[in-house]
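# An overview of the molecular structure
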Amino acid sequence: MTDKKTIRRIGGHVGVTGGLKNGIARAVEIGANTIQIFGSSPRQWSVPCHSKKNIEEFQAGAKQYGIFPIYLHASYLVNLASSDIAMRKKSEASLKSQLQLTNDIGADGLIFHIGSASAKLSASGKEMPRADAIKVVVEALSRVIKSVKGPADLIIENSAGGGQKVGSSIEEIGNVIKKVGHPKIKVCFDTAHAFEAGIIEEYTPGNIKKLLKDFEKYIGLSRLVALHVNDSKTAFNSHHDRHENLGEGYLGISAFKNLMKEPSLAKVAWILEVPGFDGEGPDRKNIKILHSLI
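Figured I'd write up the structure that's included with this text. Worth saying up front: this structure is predicted, and the values here are computed from it rather than measured.

## Some details on the pairing of strand 3 (residues 70–73)
Here strand 3 shows a buried face lined by Ile-70 and Leu-72 and a second buried face lined by Tyr-71 and His-73. As defined by bridge partners, strand 2 (residues 35–38) adjoins strand 3 across 4 bridges and the pair is classed as parallel. Among the inter-strand pairings, Gln-36 is bridged to a residue of strand 3, identified as Tyr-71. The handedness of the strand 2 to strand 3 crossover, carried by helix 2 (residues 52–65), is right-handed. Judged from the 3 bridges that link them, strand 3 and strand 4 (residues 109–112) form a sheet pairing that is parallel.

## A word on the side chain of Ser-232
Residue placement: Ser-232 occurs in strand 10 (residues 231–232). Engagement of the side chain of Ser-232 in a polar contact is seen with the side chain of Glu-196, the distance being 2.8 Å. Of note is the side chain of Ser-232, whose polar atom sits 2.6 Å from the backbone oxygen of Thr-234.

## Focus: helix 4 (residues 130–147)
Compared with the 26 Å implied by 1.5 Å per residue over 18 residues, the 26 Å span of helix 4 between its first and last C-alpha is a close match. Of the positions making up helix 4, those classed as buried are Ala-133, Ile-134, Val-136, Val-137, Val-138, Ala-140, Leu-141, Val-144 and Ile-145. Elements that come into contact with the buried residues of helix 4 comprise helix 3 (85–104), strand 4, strand 6 (153–157), strand 7 (165–166), helix 5 (170–180) and strand 8 (185–190).

## Concerning helix 3
For helix 3, which comprises 20 residues, the first-to-last C-alpha distance of 29 Å matches the rise-based estimate of 28 Å (1.5 Å per residue) to within 8%. Every buried residue of helix 3 is listed here: Arg-88, Ser-91, Glu-92, Ser-94, Leu-95, Gln-98, Leu-99, Leu-101, Thr-102 and Asn-103. Gly-106, located one to two residues past helix 3, shows a positive phi value of around 80°.

## Section: the pattern of salt bridges
If the charged atoms of two oppositely charged side chains come close together, the side chains can form a pair. If you walk through the whole model with that rule in mind, you get 10 salt bridges. A salt bridge links Glu-262 to Lys-209; its shortest N-O distance comes to 3.4 Å. Of the two residues, Glu-262 is situated in the loop between helix 8 (253–260) and strand 12 (269–272) and Lys-209 in helix 7 (residues 205–218); the sequence distance between them amounts to 53 residues. Residue Glu-244 is joined to Lys-233 by a salt bridge in which the shortest nitrogen-to-oxygen separation is 2.9 Å. Here Lys-233 lies in the loop between strand 10 and strand 11 (243–244) and Glu-244 lies in strand 11, a separation of 11 residues in the sequence. Three or more residues are tied together by salt bridges with common partners; here these are Glu-92, Lys-96 and Arg-143.

## Details of the packing of helix 3 against helix 4
Close contact between helix 3 and helix 4 brings their axes to 10 Å; oriented N to C, the two are set at 35°. Along this stretch, helix 3 crosses helix 4, giving a crossing that reads as right-handed. Side by side, helix 3 and helix 4 meet where Arg-88, Glu-92, Leu-95, Lys-96 and Leu-99 of the first sit next to Val-136, Ala-140, Leu-141, Arg-143, Val-144 and Ser-147 of the second.

## As for the sheet that holds strand 2
In space, the 8 strands of this closed barrel follow the order 1-2-3-4-6-8-9-12, with parallel pairing throughout. Going across the sheet, the axis of each strand differs from the next one's by a mean of 30°, ignoring polarity. Judged from the 3 bridges that link them, strand 9 (residues 224–228) and strand 12 form a sheet pairing that is parallel. Bridge pairing links Ala-226 to Ala-269 in strand 12.

## Description of the nonpolar core
Formed by 79 residues in total, the largest nonpolar core has its most connected members in Ile-35, Leu-141, Tyr-203 and Trp-270. Aside from chain neighbours lying at most four places away, what touches Tyr-203 is Phe-189, Thr-191, Ala-194, Phe-195, Ile-208, Leu-211, Leu-251, Ser-254, Ala-255, Asn-258 and Leu-259.

## Some points on unusual backbone geometry
The peptide bond linking Phe-68 to Pro-69 adopts the cis configuration, its omega dihedral lying at -10°. Secondary-structure assignment places Pro-69 in the loop between helix 2 and strand 3. One non-glycine residue with positive phi stands out, namely Gln-164, at about 60°. The residue Asn-237 is not glycine, and still its phi comes out positive at about 65°. Of note, Asn-237 is situated in the loop between strand 10 and strand 11. We classify Asn-237 as partly exposed; its relative accessible area is 38%.

## Brief notes about the packing of helix 5 against helix 7
The description of two helices packed together rests on the angle between their axes and the distance between the axes. In contact at an axis separation of 9 Å, helix 5 and helix 7 are set at 20° when each is read in the N-to-C sense. Taken together, the axis directions place helix 5 and helix 7 in an arrangement best described as roughly parallel. Our pair here, helix 5 against helix 7, has a crossing hand that is right-handed. Where helix 5 approaches helix 7, its residues Ile-170, Glu-171 and Gly-174 are matched on the opposing element by Leu-211, Asp-214, Phe-215 and Tyr-218. When grouped by side-chain class, the residues that make up the contact of helix 5 with helix 7 number 4 nonpolar, 1 polar and 2 charged.

Thresholds, definitions, all that
- Residues numbered from 1 in each chain as written.
- Predicted model: local features only at pLDDT ≥ 70, side-chain atom pairs only at ≥ 80, totals over all residues.
- Heavy atoms only, no water.
- Buried < 20%, exposed > 50% of the residue type's maximum accessible area, 1.4 Å probe, protein only.
- Helix = DSSP H or I, 4+ residues; strand = E, 2+ residues; numbered from the N terminus.
- Pairing = 2+ DSSP bridges.
- Right-handed = clockwise from strand over helix to strand, strands pointing away.
- Polar contact = N/O pair within 3.5 Å; in protein donor to acceptor, adjacent residues only side chain to side chain.
- Expected span 1.5 Å × (residues − 1).
- Contact = heavy atoms within 4.5 Å.
- Salt bridge = Lys/Arg side-chain N within 4 Å of Asp/Glu carboxyl O.
- Axes fitted to C-alpha atoms, helices over the stretch in contact; angles between N-to-C directions.
- Left-handed = near helix turned anticlockwise from the far one by under 90°.
- Core = buried A, V, L, I, M, F, W, Y, C linked by side-chain atoms within 4.5 Å.
- Parallel < 35°, antiparallel > 145°, perpendicular 65-115°, else oblique.
- Nonpolar A, V, L, I, M, F, W, Y, C, P; charged D, E, K, R; others polar.

Any functional reading would require information that these geometric values do not contain.
Right under this line is the structure:
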């Protein structure tokens, strides 16, 4: 049984426009005790340099309000599986810079998508064979970890599948982690992505047990550090990554109620990436819904 005294870490992705400390202010506003932020624009390669004062204010605010763990999300441009060498080099450099930033601001880890081997996403117009794509991904991740010193984890997020995306299945993510062979590689599991990728059609107690059993077999539950808690705007196995507010999508409230009952998920960070009932991102109402399910 889950200890009733366990303080769940429930929060969401918050904006830091105008300074890192504004992410703390937003967290307090919506009632979050864990957050995810972008260290830089998600549509740009460059990573800004934050001032010492900015970082200190951010850290002081997090400590004052008990906000932890804190995760950064990498740029959406990152694609380690591309058949285009220049794209892979940019992606690797971006991950290194953002992982260094994660360490610099004292955050716990950097969440990222592996990318796609699709020809449509490659300047060369060629598709990377699956085995080759996994090989270059493993090599890149190994170099990133070796290059960037510090305690922050490098966290793979499962994808919604389609378009030759790497990392849409638990088994494939486990394969990548096994080949990298480093304890700092962790996992963030996105509830909507798993549904959209065809991993789990309904979050019933039985299906969740099977999901977690597979996770333990291929990855290890000790590597699961966060959940992206999102309902899905698109149908099962759609391969379309579209998030929805809790209870307003195809998953429904029962999915999150059943997930909340799992003892193995009690200590991971539950991070919302929903549009918000006010259209401004994760909000107090979505967070209250999760607390009501404990």
